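This is what each chain is made of:
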Amino acid sequence: MVSPVRYPILFTRTAILDIRSLPSSWHRNVQESIASLRQGERHLNRQLEGYQGLWRTRKGDIRVVWKYAAGGILVLRADLRRDVYQDIPEDEDQVEAQSVAQVLGIAEEAVDAIPTYQEPPAGDGWHRFIYGGYLFSPVLTPEQQQVFTSQDGWAGEGQVECFLVQASPGTGKTVCAAVSACEMHDQGWDVALVLPENLCEDVKQFDRVRELLAQQSSAFFLGTLRQWAVRQDPGLEKYLARPQEEKAALEYLAQRVRKPPKLGSISDHDLILYQNFVDGHPPTPIDHPNYWEHQARITALRNLQPRQWRQALGPKIPWLDAWDRLTRTLEPDPASWGTWLVMDEAQDYLLAEIKGLAQMFRRWRQQHPVTFCLLGDLNQRVRPVNFDWGQLELGRRATLRFNYRNTREILRFANLFYDLAAQCNRRHDGRSRHLPPPCDPESAFQRGDPVRLLEVRGPAEAADFLGVLQARCGDEGVPDERYLLHRLADRVRLIYASLPPDHQPSDHIEYLDLKLAGEQIKGREFSACIAFCILGETDSLSYAQANNLYMVFTRPRYRLLVVATTDQIDRLGRGKLAGVCEFQTDGYGELVDWVRRQSSSECSSQDAELVFALVERGLTMTPPWLYADTYTALQLARAPGEQINALEQKMMATLQDPDWLEAQLSWVQEIDDQLARVPLVCLLLRALGCSWAAREAARELLPGHHQEYERLLDAIAQDLRRKGLPYEAARLRGDSLDTYPFGDSVAGQSGPLVSLLCRGAIQQLSLGRP
């Protein structure tokens, strides 16, 4: 019997956002439509007249619009009939059929560059995919594949291939890094994917990356540069100073400086300035904008002598000393035939770090091939480091053209701050210094709504706006059909420089501090957000401030509302702003509603505390409310295992009605997401006192989700220990019973524990043992 043809299903982001806008009760219809497409069923399909190659699949009131693509079937839209056909009318009577580009409102040449996402693997769950998981199953566009997988001609002399990808925000640099790293590993390379700490956990969620990490392949590394160094030399960790220790040594010296200028407290930026412009550098001017912008602080830091700093570290050595030693002595793995290393956000690394790698790879090239790739954007620099691309002797340079995140209108506004950064980025003698160009607004896929600027006269009116925002974003009652991710995605994102002293934060607003932009904002994106009074309080923006604002304003995808005081607008230049946004002085409620209609975040909330609070709040309802995606939300928020265990104890203490628990258990079994369903089943069984049944339920997670399986096993064993059942806890975990009385009689045996212990006691007595 011939097995039916299965078509891979790809989604556009528009289709995913369509689905997210639907009530969860309609998702089943969409899933069934997708299943019929995957299986090649034809009876629900019809070609749309008036369009080139567009088809629709019907299930109830749901219409899925799609086309055949090289990778399978590409879903373009998925919505209720009345909404889909507003943009794509049925039976369109046209002289000439419309193309996909005309339907989507993009240039014909951009059709092949539409970003697409592979449907979730079996067991990963529909809601996980729709509410953020799709970001971890991207398919590279032809442009991205050309840059990252076509290596002909990249090598210079010898076997080292060094290349740089300078690309603007929203072009998919990190996606390319993750996907291409996996592809290179599959081709036999020893791969290292070096990322800033705040991006590591995101990239670990990519489907293929997750598979490789589960395999614990020695030929695949993902982590920070320090973690890579320690992996190459495990002994390094014993004598390597941590950043906090290096900073503490500077603070120790700063307290003993008697001559002016006084240093005051030492910040993390001070440590970076010291590493870049003081330690190992003569006290001469350096041709770099970060040097001139921070010259006064660097002059003060020169009072701290590098030799005394090293003495203050005691037995520890500074990171750059250890890095220099490592890159001078490290040899390639003799079992590997080639090394492929990529560094993302390279503009925030120290020049010495990157040069050390480049020199090491030039030495390695005598033994095996090496590819060294740097990805970054100098216009998104968030650390005051001491290099630009011109100081690196690299081979080929490449760029990515299309912007997949921002609309043209948002790019026009953001590029104003690029222009301000470029004006600040001058040599000390006034000559202009080169910066890479930003993304051309014409390379954006959608035009979008104009940026709106709400002008307020001062702090009092700004506070009034926050009051309206909180009132409009209040609790709307019953959660959406038990799905927590729906509520989390609907939060409004507010980026602020400061908040009124009496302002009380709301659960329905995610607050992002501009001062922590590198940690909280960089690498993230939102469908819409509000920038609250962040345009600065001084007469002019510095190079770093303008860079930071450029990075912030490239986070929103569709809508951006800027709230600014009259003074901020006048200082920045009213004429400049008027050319790239629409001014408004009232209508606070209308503006909030305008943002909220597109506020659904592209990434699920990383606020674990909020997830805990919402789950606990559901327990206080009558009857208690249990979210179907409780564990999906906790996992996507990266909640620590010990905190999840503590939450489970609270939940089991609250959920004590056996009839309610049995009813919930029946409902939970219908959840299609394995990683969401199994922990909930285990929780309910544990609350019913069925520990061994919970263990058997947890086995479903093997082998693909071993870490969560082990957490569940430990949690169930802790339940038994709290009940005074250490034998059962050890048996459930498979631990050794050698130290337990009659342990040899119980170990490896099945059956009731009391019977086994009695049998062991009788056997001991029969042998004359006490």
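Now for a quick tour of the structure. All of these numbers come straight from a predicted model, not from anything done at the bench.

**Focus on the environment of D673**
Within the secondary structure, D673 is located in the loop between α30 (658-668) and α31 (674-687). When its relative accessible area of 4% is taken as the criterion, D673 is described as buried. Between the alpha carbons of D673 and F129 there is a distance of 9.8 Å; along the sequence they are 544 residues apart.

**Side note on the sheet that holds strand β7 (residues 138-139)**
Strand pairing in a sheet takes place through backbone hydrogen bonds and is either antiparallel or parallel in direction. Read across the open sheet, the seven strands follow the order β2-β3-β4-β5-β1-β6-β7; overall the sheet is mixed. Each of the sheet's edge strands pairs with one partner strand only, and the pair in question is β2 (45-47) and β7. Inspection of the sheet shows β2 paired to strand β3 (residues 55-59) by three bridges, in the antiparallel sense. Bridge pairing in β3 links N45 to T57. Contacts between helix α2 (residues 27-38) and the sheet are confined to β1 (9-12), β2, β3, β4 (62-69) and β5 (72-80), with β3 contributing the most and set at about 130° to the helix.

**A look at the pairing of strand β12 (residues 370-376)**
Burial of β12 is extensive: seven of the seven residues sit out of reach of the surface. Neither face of β12 is exposed, since V370, F372, L374 and G376 on one face and T371, C373 and L375 on the opposite face are all buried. In terms of strand pairing, strand β11 (residues 339-343) meets β12 through five bridges, oriented parallel. Bridge pairing in β12 links T339 to V370. What joins β11 to β12 is helix α18 (residues 351-364), and the crossover it makes is right-handed.

**A closer look at the nonpolar core**
In this structure, F11 and I34 are the most contacted members of the largest nonpolar core, which totals 76 residues. Sorting elements by how many residues they give to this core places α31 first, with nine residues. Setting aside residues up to four positions removed in sequence, I34 forms contacts with I9, F11, V64, V75, E119 and W126. L341, I354, V370 and W389 belong to the second largest nonpolar core, which has 38 residues in total.

**Quick word on helix α9 (residues 207-215)**
Three or more residues of α9 are buried, namely D207, V209 and L212. Contacts from the buried residues of α9 go to α7 (173-186), α8 (197-203) and β10 (220-223). Remark: Q216 follows α9 within two positions and exhibits a positive phi of approximately 55°.

**Here we look at the packing of aromatic side chains**
Tallying each qualifying case throughout the model produces 25 aromatic pairs. Seen from their ring centres, W55 and W66 are 5.7 Å apart, and the 20° between their planes marks the pair as stacked. Taken together, the residues span a long stretch of sequence, with W55 in strand β3 and W66 in strand β4 at a distance of 11 residues. The exposure class of W66 is buried, given its relative accessible area of 1%. A network of ring pairs unites the aromatic residues F11, Y117, W126, F129 and Y134 as a single cluster. Over the ring of W594 we find R452; its NZ or CZ atom is 4.5 Å from the centre of that ring. The residue whose ring lies beneath R557 is Y558, and the NZ or CZ to ring-centre distance is 6.0 Å.

**Details of the packing of helix α20 (residues 459-472) against helix α26 (residues 588-596)**
Closest axis-to-axis distance for the α20/α26 pair is 9 Å, and the angle between their directions is 50°. What the angle tells us is that α20 and α26 run oblique. Read as a crossing pair, α20 and α26 show a hand that is right-handed. Between α20, through E461, D464, F465, V468, L469 and R472, and α26, the contact on the second element is made entirely by Y588, G589, V592, D593 and R596. The residue inventory of the contact of α20 with α26, partitioned by class, reads five nonpolar, one polar and five charged.

**Considering the packing of helix α29 (residues 641-654) against α31**
Two elements in contact, α29 and α31, have axes whose closest approach is 9 Å; the angle formed by their N-to-C orientations is 50°. Classified by the angle between their axes, α29 and α31 sit oblique to one another. In this structure, the crossing between α29 and α31 has a hand that is right-handed. The residues of α31 that touch α29, namely those facing E648, Q649, M651 and M652, are L683, R686 and A687.

**A few points about the pattern of salt bridges**
Considering all chains together, one arrives at 37 salt bridges under this definition. E119 is the partner of R38 in a salt bridge, and the nearest nitrogen-oxygen pair spans 2.8 Å. One end of the pair, R38, is in helix α2; the other, E119, is in the loop between β6 (116-118) and α5 (126-130), with 81 residues separating them in the sequence. Summarising the burial analysis for this pair, R38 and E119 share the class buried. Notably, a salt bridge pairs R328 with D324, separated by 2.9 Å at the nearest N-O pair. Taken together, the positions of R328 and D324, both in helix α17 (residues 319-329) and four residues apart, correspond to about one turn of that helix. Judged by its relative accessible area of 36%, D324 falls in the partly exposed class. Each of E648, R686, E708, R711, D719 and R722 takes part in salt bridges that share partners, so that together they form one network.

**Here we look at the pairing of β4**
Within β4, six of the eight residues are buried, which leaves the element mostly enclosed by the surrounding structure. Bridge analysis of β3 against β4 gives five bridges, and the strand direction is antiparallel. The partner of R56 across the bridge, within β4, is V65. Connecting β3 to the antiparallel partner β4 that follows it, the hairpin turn spans two residues, and G60 within it adopts a positive phi of roughly 60°. Where β4 lies against β5, eight bridges are found, and the strand directions are antiparallel. Along β5, the bridge assignment pairs K67 with L74.

Thresholds applied
- Residues numbered from 1 in each chain as written.
- Predicted model: local features only at pLDDT ≥ 70, side-chain atom pairs only at ≥ 80, totals over all residues.
- Heavy atoms only, no water.
- Helix = DSSP H or I, 4+ residues; strand = E, 2+ residues; numbered from the N terminus.
- Buried < 20%, exposed > 50% of the residue type's maximum accessible area, 1.4 Å probe, protein only.
- Pairing = 2+ DSSP bridges.
- Contact = heavy atoms within 4.5 Å.
- Axes fitted to C-alpha atoms, helices over the stretch in contact; angles between N-to-C directions.
- Right-handed = clockwise from strand over helix to strand, strands pointing away.
- Core = buried A, V, L, I, M, F, W, Y, C linked by side-chain atoms within 4.5 Å.
- Phe/Tyr/Trp six-rings, centres within 6.5 Å; stacked < 30°, edge-to-face > 60°.
- Lys NZ or Arg CZ within 6 Å of the ring centre and 35° of its normal.
- Parallel < 35°, antiparallel > 145°, perpendicular 65-115°, else oblique.
- Left-handed = near helix turned anticlockwise from the far one by under 90°.
- Nonpolar A, V, L, I, M, F, W, Y, C, P; charged D, E, K, R; others polar.
- Salt bridge = Lys/Arg side-chain N within 4 Å of Asp/Glu carboxyl O.

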